[in-house]
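If you want the building blocks of each chain, they are given just below.
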Amino acid sequence: MNKKKIAFGISAFALAATVAGAGLAAADPSGAPTYRQLSGVGSDTTQDVMNGMASAITVGGQKVIGSYDSTGSANITTKDPANGNCTIARPNGSGAGRSALLTSLQAGNGCLDFARSSSLNLAAAAPGLTYVPFAVDGVTYAITPGSAIPRKLSLTDLKAIYHCDPNYVGSGPNYAMTVYLPQAGSGTRSFWESQMGITDADVVAGIHPCIKDKKGTTPVQEHDGRLLDDKSIVPFSIAQYQSQSSQTIADLRGRAILGTVDGTAPTVLNSGFGVKRDVYNVIPTSKVATAPWSTVFVGANSEICKQTSVINTYGFATSPNCGDITKQTP
């Protein structure tokens with residue numbers, strides 16, 4: 001799609017004026033035991049597949065994964081209160097999950113044992129962290145069926161939009177297109193920024209003034225299509241969209257439909273989509289050879305890597321690097 005055609009479509013709309021499915025995985029750990037050996041928080045993208053893992057995986061006959069959603073009650077309690085205070089503010093997103101894990105490790109309180117992450121961040125961390133991939137996700141853009149934003153774009157077009165090129169988004173301050181990013185700390189946000197060739201620091205500084213991460217005063221929660229109107233665009237995980245569509249998880253798509261990028265429709269298994277990423281569980285590097293971390297997360301024969309049906313059910317492709325432990329922070 002060339003600039004002139006996109007600009008024409010934008011001009012046209014510039015002139016114009018939760019259902020949850022059956023069998024949804026639990027939002028937070030449910031059933032016995034109440035408190036699990038491996039408690040984790042973080043990414044919205046992978047919260048549901050990790051809830052599925054928590055239900056499917058047992059060690060010694062007991063569930064060992066306690067995965068807490070990115071949204072819900074303000075606070076969560078991750079370990080038995082009889083053994084200490086592990087009530088913390090619920091972390092929302094990959095960055096918040098990593099920070100919460102580091103805080104727990106630095107305090108030595110045992111409240112958190114891993115973090116979910118949909119992006120890779122190998123910035124220095126103390127103590128060290130290991131990003132263990134387990135699945136592959138595709139990411140595309142979402143619009144509404146009535147949007148004048150084309151359903152087929154090239155990656156070059158998308159980069160122009162997220163650089164606020166006036167040929168695509170119009171002139172400010174009242175832009176013809178509302179260009180959304182998810183909330184600060186989101187792994188999908190940081191991954192999409194890397195694909196668009198922009199930095200979070202520049203977004204926060206207003207270098208790309210057409211970009212918003214709030215609708216009104218409400219932060220944009222990733223993979224919730226209900227915020228979209230006919231002149232807005234937002235990145236969306238294909239795995240999340242597919243599992244919402246199949247009613248495997250709560251359907252928050254609203255009117256959202258997914259766009260085609262560089263001629264590849266977002267209906268293929270995500271390993272075949274052009275804009276794709278590994279998704280990770282982040283564990284302390286000091287624990288990679290220690291059970292239950294080693295049993296559950298590490299290596300191609302780990303309990304998580306064995307769960308290919310769970311990975312596929314939640315819309316992800318299996319990763320050829322599942323269980324790899326080479327991605328470690330300094």
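Residues numbered from 1 in each chain as written. Predicted model: local features only at pLDDT ≥ 70, side-chain atom pairs only at ≥ 80, totals over all residues. Heavy atoms only, no water.

*Asks:* What's the story with the layout of surface pockets in this structure? I'm lost.
*Replies:* Empty pockets left among the atoms are what a rolling probe the size of a water molecule brings to light. Estimates place the volume of the second largest pocket at around 250 Å³. Lining the second largest pocket we find 17 residues, and of these Gly95, Ser119, Asn121, Ser186 and Ser190 sit closest to its centre. Looking at the lining of the second largest pocket, the elements with two or more residues in it are helix H3 (94-107) and helix H6 (187-196). Top element by residues in the lining of the second largest pocket is H6. It accounts for 5 residues. Its residues assigned to classes, the lining of the second largest pocket shows 4 nonpolar, 9 polar and 4 charged. (1 Å grid on protein atoms, 1.4 Å probe; cavity = no way out; pocket = protein on both sides within 12 Å on 5 of 7 lines; lining within 4 Å. Points joined across faces, edges and corners; volume = space filled by probe spheres on them. Helix = DSSP H or I, 4+ residues; strand = E, 2+ residues; numbered from the N terminus. Nonpolar A, V, L, I, M, F, W, Y, C, P; charged D, E, K, R; others polar.)

*Asks:* Is there a simple way to think about the packing of helix H4 (residues 155-162) against H6 in this case?
*Replies:* Each pair of packed helices can be summarised by the angle the axes make with each other and by the distance between the axes. The geometry of H4 relative to H6 is characterised by a closest axis approach of 9 Å and an angle of 110° between their N-to-C directions. Considering the angle they form, H4 stands roughly perpendicular to H6. The residues of H6 that touch H4, namely those facing Leu155, Leu158, Lys159 and Tyr162, are Trp192, Gln195 and Met196. (Axes fitted to C-alpha atoms, helices over the stretch in contact; angles between N-to-C directions. Parallel < 35°, antiparallel > 145°, perpendicular 65-115°, else oblique. Contact = heavy atoms within 4.5 Å.)

*Asks:* Quick question: what am I supposed to make of the nonpolar core here?
*Replies:* One broad trend across soluble globular proteins is that nonpolar side chains are buried collectively. Among the nonpolar cores identified, the biggest contains 40 residues, and Ile161, Tyr162, Val169, Val179, Ile211 and Ile233 are the most heavily contacted of them. Elements supplying a minimum of two residues to this core: strand E8 (129-143), H4, helix H5 (166-169), strand E10 (178-180), H6, strand E14 (232-237), helix H8 (238-245) and strand E15 (257-258). For this core, the element with the most residues is H4, which contributes 5 residues. Those residues in contact with Val179 that sit more than four places away from it in its chain are Ile161, Tyr162, Val169, Cys210, Ile211, Lys212 and Ile233. (Core = buried A, V, L, I, M, F, W, Y, C linked by side-chain atoms within 4.5 Å. Buried < 20%, exposed > 50% of the residue type's maximum accessible area, 1.4 Å probe, protein only.)

*Asks:* Please clarify how the packing of aromatic side chains should be interpreted in this entry.
*Replies:* Aromatic ring pairs are reported here in terms of the distance separating the ring centres and the angle at which the planes meet. Within the structure shown, the criterion is met by 4 aromatic pairs. Between Tyr131 and Tyr280 the ring centres are 5.7 Å apart and the planes differ by 80°, which places this aromatic pair in the edge-to-face class. Of the two residues, Tyr131 sits in strand E8 while Tyr280 sits in strand E17 (residues 276-284), which places them 149 residues apart along the sequence. Look at Tyr131 and you get buried, because its relative accessible area is 1%. Since its relative accessible area comes to 5%, Tyr280 is described here as buried. (Phe/Tyr/Trp six-rings, centres within 6.5 Å; stacked < 30°, edge-to-face > 60°.)

*Asks:* Sorry if this is basic, but what is going on with the confidence of the model for the chain here?
*Replies:* As a general rule, the predicted coordinates of low-pLDDT regions are not to be interpreted in detail. Summing up the model confidence of the chain, the mean pLDDT is 91 and the portion of residues at 70 or higher is 92%. Every residue in residues 1-24 scores below 50 in pLDDT, and together they form 41 contacts with partners more than four places removed in sequence or on other chains. (pLDDT = per-residue confidence, 0-100.)

*Asks:* Whenever I open this one, the pairing of E14 confuses me. Can you help?
*Replies:* Burial runs high along E14: 6 of the 6 residues are buried. What you see with E14 is no split at all: Ser232, Val234 and Phe236 on one side and Ile233, Pro235 and Ser237 on the other are buried throughout. Here E8 runs beside E14; their pairing, made up of 4 bridges, is antiparallel. Note on E14: the bridge partner recorded for Val139 is Ser237. (Pairing = 2+ DSSP bridges.)

*Asks:* Just to check I follow, could you spell out the side chain of Thr78 for this structure?
*Replies:* In this fold, Thr78 is placed in the loop between strand E5 (75-77) and strand E6 (87-89). Within the structure, Thr78 has its side chain in polar contact with the backbone oxygen of Cys111 (distance 2.7 Å). Leaving out residues up to four positions away in the same chain, Thr78 has contacts with Tyr35, Ser39, Tyr68, Cys86, Cys111 and Leu112. (Polar contact = N/O pair within 3.5 Å; in protein donor to acceptor, adjacent residues only side chain to side chain.)

*Asks:* Mind showing me how you'd approach the pattern of salt bridges here?
*Replies:* Should their charged atoms come close, side chains of opposite charge can pair. The final tally for this structure, using the stated rule, is 10 salt bridges. Of the charged contacts in the structure, one is a salt bridge between Arg90 and Asp28, with a shortest N-O distance of 2.9 Å. With Arg90 in the loop between E6 and H3 and Asp28 in the loop between helix H1 (3-15) and strand E1 (38-42), this pair connects stretches of sequence that are 62 residues apart. The salt bridge involving Glu193 is made with Arg189; its shortest N-O contact spans 3.5 Å. Taken together, the residues span about one helical turn, with Glu193 and Arg189 both in helix H6 at a distance of 4 residues. In this structure, Glu193 and Arg189 share a single accessibility class: buried. A network of salt bridges, in which partner residues are shared, links Arg189, Glu193, Asp200 and Asp213. (Salt bridge = Lys/Arg side-chain N within 4 Å of Asp/Glu carboxyl O.)

*Asks:* What is the right way to read the pairing of E17 from this model?
*Replies:* In summary, the side chains of a regular strand alternate between the two faces of the sheet. Across the 9 residues that make up E17, a large majority, 8, are buried. In this structure, strand E7 (residues 114-117) lies alongside E17, joined through 3 bridges in antiparallel fashion. Following the sheet pairing, Ser117 is matched in E17 by Tyr280. Pairing geometry for E8 and E17, over 9 bridges, is antiparallel. Across the sheet, the residue bridging to Leu129 is Pro284, located in E17.

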